[in-house]
Every structure is written in C-alpha cells, then in structure tokens.
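# Notes for the structure review
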Amino acid sequence: MEEEIRGEEIREKEIIQFIGLNELDELAQSKVNELCTSYHDKIKRLIHNVTSFKIHIKQHSNDGGRINYSVNIKAIAPTKIFEVEKDEWDIALVMHKSFKALYNEIEHHLNSK
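To start, this report covers the structure provided alongside it. (Residues numbered from 1 in each chain as written. Predicted model: local features only at pLDDT ≥ 70, side-chain atom pairs only at ≥ 80, totals over all residues. Heavy atoms only, no water.)

### Things to note about the overall build of the chain
What the chain contains, in helices and strands, is 3 helices and 4 strands. Its helices and strands taken in sequence order, the chain reads α-β-α-β-β-β-α from the N to the C terminus. Looking at the chain as a whole, 34% of its 113 residues are labelled buried. Long-range contacts, defined as pairs at least 24 residues apart, comprise 48% of the intrachain contacts of the chain with a sequence gap of at least 6. As displayed, the chain has an accessible area near 7500 Å², and 47% of this comes from carbon and sulfur atoms. (Helix = DSSP H or I, 4+ residues; strand = E, 2+ residues; numbered from the N terminus. Buried < 20%, exposed > 50% of the residue type's maximum accessible area, 1.4 Å probe, protein only. Contact = heavy atoms within 4.5 Å. Areas by Shrake-Rupley, 256 points an atom, 1.4 Å probe, with all protein chains shown as cover.)

Listed below in structure tokens is the structure:
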C-alpha cells in the first residue's frame with residue numbers, strides 16, 4: 001500500500017520539470033515550489049489531461065545589482081501546448097503573473113471551442 005502511494009507521489013512530482021531552479025537561492029526556490037504546487041492543482045482542474053509542465057526560470061543581472069527574473073511556462077496537453085513568458089523584478093510576482101496568464105490562455109482556448 002505504501003509503495004503505491006509513493007509511486008503516485010513520484011509520478012505527480014515528475015509532471016513538473018524545472019530548468020534553472022538550482023540557480024536560485026533557497027528562499028526563492030521554496031517560493032517557486034509553493035506557487036507551482038498551488039497553480040498546478042488549479043490548472044489540472046481546468047484541463048484534466050495535462051501531461052507535463054516545463055518551467056524555465058532565468059536570472060538577468062544588470063549593473064545596478066538588481067536581479068530580473070524571466071519565466072517561461074509550458075503546459076503540455078495531448079491536444080495543445082500552452083505557453084507563456086513573463087519577466088519581473090520579484091520571483092513571486094513573476095510566478096503569479098505567469099501562472100495567471102497561463103490559466104487565462106487555457107480558459108480562453110476552452111471557451112472559444
């Protein structure tokens with residue numbers, strides 16, 4: 001019984017692929033993981049057959065010392081690939097904006113059928 005539960009947890013975790021997450025500090029990584037889990041559940045309720053998420057996070061530094069984050073999210077479903085890209089100075093804000101834009105794009109696609 002425990003092996004079945006662990007297998008389901010592993011499959012659930014494998015559905016989200018992060019690129020560039022290890023380059024962030026620990027606080028930013030925890031924020032990203034928390035937000036991804038939350039929005040993953042919302043998007044999965046919207047489209048039931050999402051096969052995977054690819055989340056690409058990049059940091060861009062400028063001469064002033066501030067870090068700009070850009071996020072590219074792909075939600076891959078059997079019928080369509082949904083993709084958004086946003087950038088912002090705050091990691092939590094850019095994740096919220098990206099997932100909200102992705103949610104709106106999926107909702108628009110489903111309502112326009």
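### So, the sheet that holds strand E1 (residues 16-19)
Here 4 strands make up an open sheet; going across it, the order is E1-E2-E3-E4 and the pairing mixed. Of all the strands in the sheet, the pair left with one neighbour each is E1 and strand E4 (81-88). Direction aside, neighbouring strands of the sheet carry axes that sit 15° apart on average. Helix-sheet contacts for helix H2 (residues 26-46) involve E1 and strand E2 (52-61), and the interaxial angle to E1 is about 145°. Packed onto the sheet, helix H3 (residues 91-111) meets E2, strand E3 (67-76) and E4 and runs at close to 150° relative to E4. (Pairing = 2+ DSSP bridges. Axes fitted to C-alpha atoms, helices over the stretch in contact; angles between N-to-C directions.)

### What about the packing of aromatic side chains?
Scanning the model with the defined rule gives 1 aromatic pair in all. On the basis of an interplanar angle of 0° and a centroid distance of 5.1 Å, the ring pair of tyrosine 39 and phenylalanine 99 is categorised as stacked. Residue tyrosine 39 is located in helix H2, and its partner phenylalanine 99 is located in helix H3; the two are separated by 60 residues in the primary sequence. The same class applies to tyrosine 39 and to phenylalanine 99, which are both buried. (Phe/Tyr/Trp six-rings, centres within 6.5 Å; stacked < 30°, edge-to-face > 60°.)

### What to know about H3
Here H3 spans 30 Å end to end across 21 residues, near enough to the 30 Å set by a 1.5 Å rise per residue. When we look at burial in H3, the residues that qualify are Ile91, Ala92, Val94, Met95, Ser98, Phe99, Leu102 and Ile106. Buried positions along H3 lie against H2, E2, E3 and E4. (Expected span 1.5 Å × (residues − 1).)

### Notes on the nonpolar core
In summary, soluble globular proteins display a tendency toward joint burial of nonpolar side chains. Ile55, Ile91, Met95, Phe99 and Leu102 are the most contacted members of the largest nonpolar core, which has 29 residues in total. Elements that contribute at least two residues to this core include exactly H2, E2, E3, E4 and H3. Leave out the neighbours within four places in its chain, and leucine 102 touches Ile43, Phe53, Ile73, Ala75, Phe82, Glu83 and Val84. (Core = buried A, V, L, I, M, F, W, Y, C linked by side-chain atoms within 4.5 Å.)

### A short note on the pattern of salt bridges
Side-chain pairs of opposite charge can arise whenever the charged atoms involved come near each other. Tallied over the full model, the rule gives 1 salt bridge. Residues glutamate 88 and lysine 97 are paired through a salt bridge, measuring 2.7 Å at the closest nitrogen-oxygen approach. (Salt bridge = Lys/Arg side-chain N within 4 Å of Asp/Glu carboxyl O.)

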